[in-house]
Structures are given as C-alpha cells and as structure tokens.
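The chain contents come next:
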Amino acid sequence: MNRRLVQMFSKQLSQVPKYFGSNEQPILLRNEKSGYYVNPEAVARRMIKVISLHDEVKNPSGITLQSTWADIGLTDMAYVEVMVEVEREFEIEFPDADVECFRTVNDAVEYVARSFFAI
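A short tour of the structure in this document, coming up. The structure displayed is predicted, hence computed values, not measured ones. (Residues numbered from 1 in each chain as written. Predicted model: local features only at pLDDT ≥ 70, side-chain atom pairs only at ≥ 80, totals over all residues. Heavy atoms only, no water.)

## A few points about the overall build of the chain
Looking only at helices and strands, the chain features 6 helices and 0 strands. Across the chain, helices and strands are ordered from the amino to the carboxyl terminus as α-α-α-α-α-α. Expressed as a percentage of contacts within the chain between residues at least 6 apart in sequence, the contacts between residues at least 24 apart total 52%. (Helix = DSSP H or I, 4+ residues; strand = E, 2+ residues; numbered from the N terminus. Contact = heavy atoms within 4.5 Å.)

## Here's the deal with the pattern of salt bridges
What the rule picks out here adds up to 3 salt bridges. Here arginine 114 ties to glutamate 110 by a salt bridge, and the two come within 3.3 Å at their closest N and O atoms. For glutamate 110, a relative accessible area of 21% gives the class partly exposed. (Salt bridge = Lys/Arg side-chain N within 4 Å of Asp/Glu carboxyl O. Buried < 20%, exposed > 50% of the residue type's maximum accessible area, 1.4 Å probe, protein only.)

## Quick word on the nonpolar core
With 26 residues, the main nonpolar core has Met47, Ile51, Trp69 and Met83 as its most contacted residues. Looking at this core, the elements that each hand over two or more residues are α2 (40-52), α3 (69-72), α4 (76-90) and α6 (105-113). No other element matches the 6 residues that α4 contributes to this core. Leaving out residues up to four positions away in the same chain, isoleucine 51 has contacts with Val57, Ile63, Trp69, Ile72, Val82 and Val105. (Core = buried A, V, L, I, M, F, W, Y, C linked by side-chain atoms within 4.5 Å.)

## Some points on α4
For α4, which comprises 15 residues, the first-to-last C-alpha distance of 21 Å matches the rise-based estimate of 21 Å (1.5 Å per residue) to within 8%. Buried residues of α4: Ala78, Tyr79, Val82, Met83, Val86, Glu87 and Phe90, and no others. In this fold, the buried residues of α4 make contact with α2, α3, α5 (96-101) and α6. Backbone geometry just after α4 places glutamate 91 at a positive phi near 55°. (Expected span 1.5 Å × (residues − 1).)

## Digging into the side chain of serine 67
Following the sequence through the fold, serine 67 ends up in the loop between α2 and α3. Residue classification places serine 67 among the buried positions, given a relative accessible area of 8%. Within the structure, the side chain of serine 67 is placed 2.9 Å from the backbone nitrogen of threonine 64, a separation counted as a polar contact. Those residues within four positions of serine 67 in sequence are excluded, and the remaining contacts are Gly62, Ile72, Arg103, Thr104 and Val105. (Polar contact = N/O pair within 3.5 Å; in protein donor to acceptor, adjacent residues only side chain to side chain.)

## Focus on the environment of methionine 83
Tracing the chain through its elements places methionine 83 in helix α4. Given the relative accessible area of 3%, methionine 83 is considered buried. The spacing of methionine 83 and valine 99 is 16 residues in sequence and 7.8 Å in space, taken between C-alpha atoms. Setting aside anything within four residues of it in sequence, one finds methionine 83 in contact with Trp69, Phe94, Val99 and Phe102.

## Looking at the environment of threonine 75
Here threonine 75 lies in the loop between α3 and α4. Residue class for threonine 75 comes out partly exposed when judged on its relative accessible area of 39%. Each C-alpha atom of the pair threonine 75 and glutamate 56 lies 8.0 Å from the other, and the pair is 19 residues apart in sequence. In this structure the side chain of threonine 75 is engaged in a polar contact, spanning 3.2 Å, whose partner is the backbone nitrogen of alanine 78.

Pasting the structure below:
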C-alpha cells in the first residue's frame with residue numbers, strides 16, 4: 001500500500017510546474033533594489049487601458065504616466081469609479097487615505113507595482 005502511494009505521489013509531484021504565472025505576466029519575486037512585486041511597465045499598460053475606457057476621459061490616447069486626473073478630464077466621482085475599476089483589474093483594494101494621495105497616473109502605478117497582493 002505505501003509503495004503504491006509513493007509511486008502515485010512521486011508521479012504527480014514530477015508534473016507540478018516549476019514556475020507559476022498569470023496569463024498577462026509572470027509572477028515576479030520582489031526585486032530588493034527596486035521594491036517592485038509586479039512589473040511597473042505591465043501595470044502602467046493595464047492601468048492606462050482601464051482609465052481610457054471611462055466615459056469622461058477626454059482624450060484616451062493622450063494619457064501618460066505624468067497625466068493628472070484633471071488633465072484626463074475626470075471629476076471626483078469619475079475618479080472614484082476609475083479607482084474601483086483599477087481595484088477590480090488588479091484584484092486589490094486601495095485604502096481611502098492612499099487613493100486621496102494619487103495625484104498622477106504614475107502615483108497609482110507605483111502603488112500597484114509595489115503591492116504584494118496585486119496580480
């Protein structure tokens with residue numbers, strides 16, 4: 001009985017992948033020098049895409065990392081709606097105090113890239 005269990009488990013363990021990743025990007029270990037858990041370039045692409053899909057955005061193709069929320073054309077309510085969509089995209093939740101500190105798109109990107117729980 002024990003021999004069969006060992007054979008069964010050794011076969012299953014040999015099939016376990018060595019690296020895990022999402023469809024969008026591989027899961028990275030935190031880079032000690034930069035402090036990022038997630039690739040900031042991938043976060044920026046995904047976040048700009050989410051922001052550009054909102055109805056109140058004036059010029060979706062003109063969104064950059066240095067764009068402020070006013071430059072993008074978001075009212076306070078629209079900003080909250082965008083942040084909720086960003087939370088859904090990355091499956092994280094922003095504390096209210098942190099959301100109030102985001103002045104530019106890059107501020108939000110940096111926060112998500114440094115978040116341990118972002119995907």
